Amino acid sequence: MSYIKEIQDCYPELTKSERKMADYILTNRSEVANKTMNDITLDISVGDATVIRFCKKIGYSGFSDLKIEIAKEDFSKRYEYQSEDVYYDKIFQDSIQVLNETYQLIDSNDLKQTIQYISKAENISVFGVGSSGQIGVSFEKMLLRVGLRGKAYNDAHFQSQVASIMSDKDVVVAMSLSGRTKDIIDSVTLAKKNGAKIIVLSNTTISPLSKLADVLLQTPVNEFINGESIEGKIAQLSICETIVRGYELAHKSDVLDIREKITRSIIGKQVE
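Residues numbered from 1 in each chain as written. Predicted model: local features only at pLDDT ≥ 70, side-chain atom pairs only at ≥ 80, totals over all residues. Heavy atoms only, no water.

A.B. asks: So what exactly am I meant to see when it comes to the pairing of strand β5 (residues 215-218) here?
C.D. replies: Remark: a regular strand shows side chains that alternate across the two faces of the sheet. On β5, burial follows the alternation: Val215 and Leu217 on one face are buried, whereas Leu216 and Gln218 on the facing-out side are not. Across 4 bridges, strand β4 (residues 197-202) lies against β5 in parallel orientation. The partner of serine 202 across the bridge, within β5, is glutamine 218. (Buried < 20%, exposed > 50% of the residue type's maximum accessible area, 1.4 Å probe, protein only. Helix = DSSP H or I, 4+ residues; strand = E, 2+ residues; numbered from the N terminus. Pairing = 2+ DSSP bridges.)

Below is the structure:
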């Protein structure tokens, strides 16, 4: 049974506070899967106990269980294809859409500040885990192509160790679409305490990680139930490329020489 039907069937039995929760979900269901229980309680002025009681009354073990059900239903509807022969249309349409949405979110002032920070940094550390950690490794290679020696760390212990010895001469680029990955938040908090500048790539302005940012570069993608999505990677990589190209534009003569040196260093490794 759909969670919407479950809410509607139980609605007459709900208390006044629980009905506030029901009304909120029915009105904002596309957003609920991306919110925490704390977000919800603040939005509608109810306590944690009310949220938990509501979830159990409609058949779920707790708020996380309900969020997963909401996300599943949204995911299923999003990927209902008219025909198996044209399923790839949706994939490419979504990829194009996420590029357009990422472009709309770019703030030129934030981008300029990012380029200033990485231009002046003695050390550039890129923090990410999972899919974001993989993008971090790609970003490290992109930086090298323009002469910047960044280092990607996707192990939580290494991130913490590196953060513990940072100073105001360091820059951290923290990648997390949700902005709620505890390991990243812990390491970034430590780095910030030590004076490092924090650049965050995330899809929300209100997450714990985003609140630590000196500069926030926003992406439009959330992967609550769609982990490792191509859309998430496209959003992050397009911002990384924008940073690198912006740096290259600001240091054009030096970077062109560096690109030539790097190209010459590997050209002999290609088979004719």
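From this point, the discussion proceeds with the structure in view.
A.B. asks: Explain the pattern of salt bridges to me, please; I cannot follow it from the model alone.
C.D. replies: Proximity of charged atoms lets side chains of opposite charge pair with each other. Within the structure shown, the criterion is met by 9 salt bridges. In this structure, lysine 182 and aspartate 186 form a salt bridge, with 2.7 Å as the shortest nitrogen-oxygen distance. With lysine 182 and aspartate 186 both in helix α10 (residues 182-193) and 4 residues apart, this pair spans about one turn of that helix. Given the relative accessible area of 58%, lysine 182 is considered exposed. We classify aspartate 186 as partly exposed; its relative accessible area is 40%. Taken together, the salt bridges that share partners define one network made up of Glu18, Arg53 and Lys57. (Salt bridge = Lys/Arg side-chain N within 4 Å of Asp/Glu carboxyl O.)

A.B. asks: Hey, could you run me through the environment of glutamate 101 in this one?
C.D. replies: Checked against the element boundaries, glutamate 101 lands in helix α6 (residues 87-105). Measuring from C-alpha to C-alpha, the distance between glutamate 101 and proline 220 comes to 6.3 Å, with 119 residues separating the pair along the chain.

A.B. asks: What should I look at first to understand the packing of aromatic side chains in this one?
C.D. replies: How two aromatic rings sit relative to each other is set out by the distance from centre to centre and by the angle between their planes. Counting across every chain of the model gives 1 aromatic pair. Plain terms: the ring middles of phenylalanine 127 and tyrosine 153 are 6.2 Å apart, the flat faces sit at 80° to each other, and that makes the pair edge-to-face. One end of the pair, phenylalanine 127, is in strand β1 (residues 123-127); the other, tyrosine 153, is in strand β2 (residues 150-153), and 26 residues separate them in sequence. (Phe/Tyr/Trp six-rings, centres within 6.5 Å; stacked < 30°, edge-to-face > 60°.)

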